[in-house]
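This is what each chain is made of:
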Amino acid sequence: MDTSTVVRGQHVQSTRMALAVVTAIFFMWGFITCLNDILIPHLKAAFSLTWVQAMLIQFTFFGAYFLMSLPAGRLVAAVGYKRGIVAGLAIAGVGALLFWPAAALHVYGLFLGALFVLATGITVLQVAANPYVALLGPEQTSSSRLTLAQSMNALGTTIAPLFGGLLILAAEPRSAEQLALLPQAEALAYRAAEAQSVQVPYFGLAIALFVLAAAIWMFRLPSIAGVEDSKEQGTLGAALRHKHLAFGVLAIFFYVGAEVSIGSVLVNFLSMPGIGEGLTEQAATRYVSLYWGGALVGRLVGTFLLARFDPRRLLGLFALVVMGLLAVTMLGTGELAKWSVVSVGLFNSIMFPTIFALAIGGLGPLTGQGSSLLVMAIVGGAVVPLAVGWLADHCGLQASFLLPMLCYLFIVFYAWRGSRRYA
């Protein structure tokens, strides 16, 4: 047998194994990120928060992407994709451990601090793993490959609401007024049980993250020729001169902002009178799971669609469909509004990986800088939910879906115009 044929076969096998290993990382960060949707109603009730105050959970978590993505990019550039992935998992594990003292002391600020550390680790993972998967094969199939890996992210987001509903929202939280009426011993016992409902899940997450970091460290991931071994140093400004990247940064900002906003209010929206009559917050988490389950199905199907059809056309079509579903959610009631918003997840499915792959396409040695900028843009998940929270406080929760709808309008523009590569 020709030696070159054997080498190519070994390379393909190594690439497939690497892709399979890295998809486990996508599962973990999807799981962790979606748990925020369960933390929000839990902490909103536990600390008697307004919507704006509750959205500080997402502001802190996704704000870390903006603040830490450039340091994360420098870290990955210095140590490589593999060590960057291991470092990200370890940092996220430390953040998950910090939930124990935050819950024990019952201090909202400590929860936000723990979330920031956890999100810092996820930021490093995003900077390292997304471009690694996109570059782990031919450029023309990068959208399909990244969508396949992101399907594991969607699996994590599908399971997380069920997990969180069972352990974190197992009992209806009591308000500050209700606690004030309880005897001191009973109030202390309630707070201890409430703390444990958060401590145990996040402690388990920390162990899983450390174990996964050790497994990745022992596995031999192939390097990316021409990127990891490149000595050329580019700048963020040089990367942004590629207009398809600059528009891609905005598209990621608006997409993540819209997606996170919808997920953040979903439990409360579905349990509203006139939408999900008699639906408790714990029961609503099952529909949140269906929302993210739609993203899982969409990404699995999208993996094949993107390999056969123009990713730009599919992206624009899916964004238009989501705008229509949100219009129905705003204007409808009962089952119609409930299922229209849950269906958004199905059409969200291909958006993040497709935007990411289109934006870093053709960047060459500037891929690392482009990836850092795109991960910075995930700060949309911090900014847009705050604005949606303000709208919910002043105009009502149903009316607040107008802002995510406008975000998807920009994605339509990016798909059909902004993603074109300019000379």
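Residues numbered from 1 in each chain as written. Predicted model: local features only at pLDDT ≥ 70, side-chain atom pairs only at ≥ 80, totals over all residues. Heavy atoms only, no water.

Caption draft 1: Highlighting a nonpolar patch on the surface. On the surface, a nonpolar cluster with roughly 750 Å² of combined accessible area is contributed by Val94, Leu97, Leu98, Trp100, Val200, Phe203, Ile207, Phe210 and Val211. If you list the elements that add at least two residues to the nonpolar patch, you get helix H3 (56-97) and helix H8 (184-218). Per-element accounting of the nonpolar patch gives the leading share, 5 residues, to H8. By the element assignment, Trp100 lies in helix H4 (residues 99-105). Since its relative accessible area comes to 42%, Trp100 is described here as partly exposed. (Patch = residues over 30% accessible without salt bridge, like charges linked within 9 Å, V, L, I, M, F, W, Y side chains within 5 Å. Areas by Shrake-Rupley, 256 points an atom, 1.4 Å probe, with all protein chains shown as cover. Salt bridge = Lys/Arg side-chain N within 4 Å of Asp/Glu carboxyl O. Helix = DSSP H or I, 4+ residues; strand = E, 2+ residues; numbered from the N terminus. Buried < 20%, exposed > 50% of the residue type's maximum accessible area, 1.4 Å probe, protein only.)

Caption draft 2: Region of the structure containing the side chain of Ser400. The topology assignment puts Ser400 in the loop between helix H16 (380-395) and helix H17 (402-418). When sequence neighbours within four positions are dropped, the list of residues in contact with Ser400 reads Val388, Leu391 and Ala392. (Contact = heavy atoms within 4.5 Å.)

Caption draft 3: Structural context of the packing of helix H12 (residues 311-331) against H17. It is the contact of H12 with H17, at a shortest axis distance of 8 Å, that shows an interaxial angle of 165 degrees. Considered as vectors, H12 and H17 are oriented roughly antiparallel to each other. Between H12 and H17 lies a crossing whose hand is left-handed. Counting all contacts with H12, which are made through Arg312, Arg313, Leu315, Gly316, Leu317, Ala319, Leu320, Val322, Met323, Leu326, Ala327 and Met330, the residues of H17 involved are Leu402, Pro404, Met405, Tyr408, Leu409, Ile411, Val412, Tyr414, Ala415 and Trp416. Its residues placed into classes, the contact of H12 with H17 shows 19 nonpolar, 1 polar and 2 charged. (Axes fitted to C-alpha atoms, helices over the stretch in contact; angles between N-to-C directions. Parallel < 35°, antiparallel > 145°, perpendicular 65-115°, else oblique. Left-handed = near helix turned anticlockwise from the far one by under 90°. Nonpolar A, V, L, I, M, F, W, Y, C, P; charged D, E, K, R; others polar.)

Caption draft 4: Main features of the pattern of salt bridges. Applying the stated criterion across every chain, the model contains 1 salt bridge. With its nearest N and O atoms 2.9 Å apart, the salt bridge here joins Lys338 to Glu335. Taken together, the residues Lys338 and Glu335, both in helix H13 (residues 334-348) and 3 residues apart, mark about one turn of the helix. Among the residues examined, Lys338 registers a relative accessible area of 5% and is labelled buried.

Caption draft 5: Quick look at the nonpolar core. By size, the foremost hydrophobic cluster in this structure holds 135 residues, and its most contacted members are Phe61, Phe99, Tyr202, Ile262, Met351 and Tyr408. Aside from chain neighbours lying at most four places away, what touches Tyr408 is Tyr255, Ala258, Glu259, Ile262, Ala319, Val322, Met323, Leu326, Val344, Asn348 and Met351. (Core = buried A, V, L, I, M, F, W, Y, C linked by side-chain atoms within 4.5 Å.)

Caption draft 6: Region of interest: the packing of helix H14 (residues 351-360) against helix H15 (residues 367-376). Contact geometry of H14 with H15 gives a least axis separation of 10 Å together with a crossing angle of 145 degrees. In the packing of H14 onto H15, the handedness of the crossing is right-handed. Only Thr367, Gly370, Ser371, Leu374 and Val375 of H15 make contact with H14, whose side of the interface consists of Phe356, Ala359 and Ile360. Taken together, the residues that form the contact of H14 with H15 break down as 5 nonpolar, 3 polar and no charged.

Caption draft 7: Structural view of H14. The element H14 is largely enclosed, with a buried count of 10 among its 10 residues. Where H14 is concerned, the buried positions are Met351, Phe352, Pro353, Thr354, Ile355, Phe356, Ala357, Leu358, Ala359 and Ile360. Phi turns positive one or two residues past the end of H14, at Gly362, with a value near 75 degrees.

Caption draft 8: Quick look at the packing of aromatic side chains. For the structure on display, the rule yields 17 aromatic pairs. Ring centres of Phe62 and Tyr65 lie 5.5 Å apart, and the angle between their planes is 15 degrees; on these two criteria the pair is classed as stacked. Taken together, the residues span about one helical turn, with Phe62 and Tyr65 both in helix H3 at a distance of 3 residues. In this pair, the class of Phe62 matches that of Tyr65, namely buried. Here the aromatic rings of Tyr255 and Tyr408 are separated by 6.5 Å at their centres, their planes lie at 75 degrees, and the arrangement is edge-to-face. In this pair, Tyr255 sits in helix H10 (residues 243-270) while Tyr408 sits in helix H17, placing the two residues 153 residues apart along the sequence. With a relative accessible area of 1%, Tyr255 lands in the buried category. (Phe/Tyr/Trp six-rings, centres within 6.5 Å; stacked < 30°, edge-to-face > 60°.)

Caption draft 9: Spotlight on the environment of Val256. Tracing the backbone shows Val256 in helix H10. Residues Val256 and Gly381 lie 125 residues apart in sequence; the distance between their C-alpha atoms is 5.2 Å. Ignoring any residue separated from it by four or fewer positions in sequence, one finds Val256 in contact with Phe62, Phe352, Ile378, Gly380 and Gly381.

Caption draft 10: Summary view of the confidence of the model for the protein chain. Across the protein chain, pLDDT averages 81, with 84% of residues at or above 70. Contacts from residues 1-12, a stretch scored under 50 in pLDDT, to residues over four places away or in other chains number 1 contact. (pLDDT = per-residue confidence, 0-100.)

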